[in-house]
Amino acid sequence: MFAILVYDVGENRVAKVLKICRKYLNWVQNSVLEGEIAAADLKRLKLELKSALNEEEDSVIIYILRTTKYSERQTIGVKKGGDELFI
């Protein structure tokens, strides 16, 4: 499956959350990661994030796409992150 993860966390937790997410997904730009992920890895990612977050202050949203066949990513402005393409 393909996942897009966005997060909004306290400043003192940003580095830790990004480090966890980069183990499983590709960094695209500030607070956004994407990539193919197995169901087991998604479960591990969620568990690791739960231990790093303050659930009363922080937010993580994960969009799951079962296929990217009909998807397209378009960028306007500066391209950040890796060369991974969302296609």
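Analysis parameters
Residues numbered from 1 in each chain as written. Predicted model: local features only at pLDDT ≥ 70, side-chain atom pairs only at ≥ 80, totals over all residues. Heavy atoms only, no water. Pairing = 2+ DSSP bridges. Helix = DSSP H or I, 4+ residues; strand = E, 2+ residues; numbered from the N terminus. Axes fitted to C-alpha atoms, helices over the stretch in contact; angles between N-to-C directions. Contact = heavy atoms within 4.5 Å. Core = buried A, V, L, I, M, F, W, Y, C linked by side-chain atoms within 4.5 Å. Buried < 20%, exposed > 50% of the residue type's maximum accessible area, 1.4 Å probe, protein only.

Caption draft 1: Examining the sheet that holds strand β4 (residues 59-65) more closely. Read across the sheet, four strands follow the order β2-β3-β1-β4 without closing on themselves; strand pairing throughout is antiparallel. Two strands close off the open sheet at either side, each with one partner strand: β2 (26-29) and β4. Within the sheet, the average angular offset between the axes of one strand and its neighbour, ignoring direction, is 25°. Of the pairings in the sheet, the one linking strand β1 (residues 2-8) to strand β3 (residues 32-36) comprises five bridges and is antiparallel in character. Looking across to β3, one finds that alanine 3 is bridged to glycine 35. Contacting β1, β2 and β3, helix α1 (residues 14-22) crosses the sheet at an angle of about 175° to β1. Together, β1 and β4 form the strand contacts of helix α2 (residues 39-52), whose direction differs from that of β4 by roughly 175°.

Caption draft 2: Focus on the nonpolar core. In terms of nonpolar packing, the biggest core is built from 16 residues, with Leu5, Val17, Cys21, Leu25, Ile37, Leu45 and Leu49 touching the most fellow members. Of all the elements in the fold, those that place two or more residues in this core are β1, α1 and α2. Per-element accounting of this core gives the leading share, four residues, to α2. When neighbours within four sequence positions are excluded, valine 17 is seen to be in contact with Tyr7, Val9, Leu49 and Leu53.

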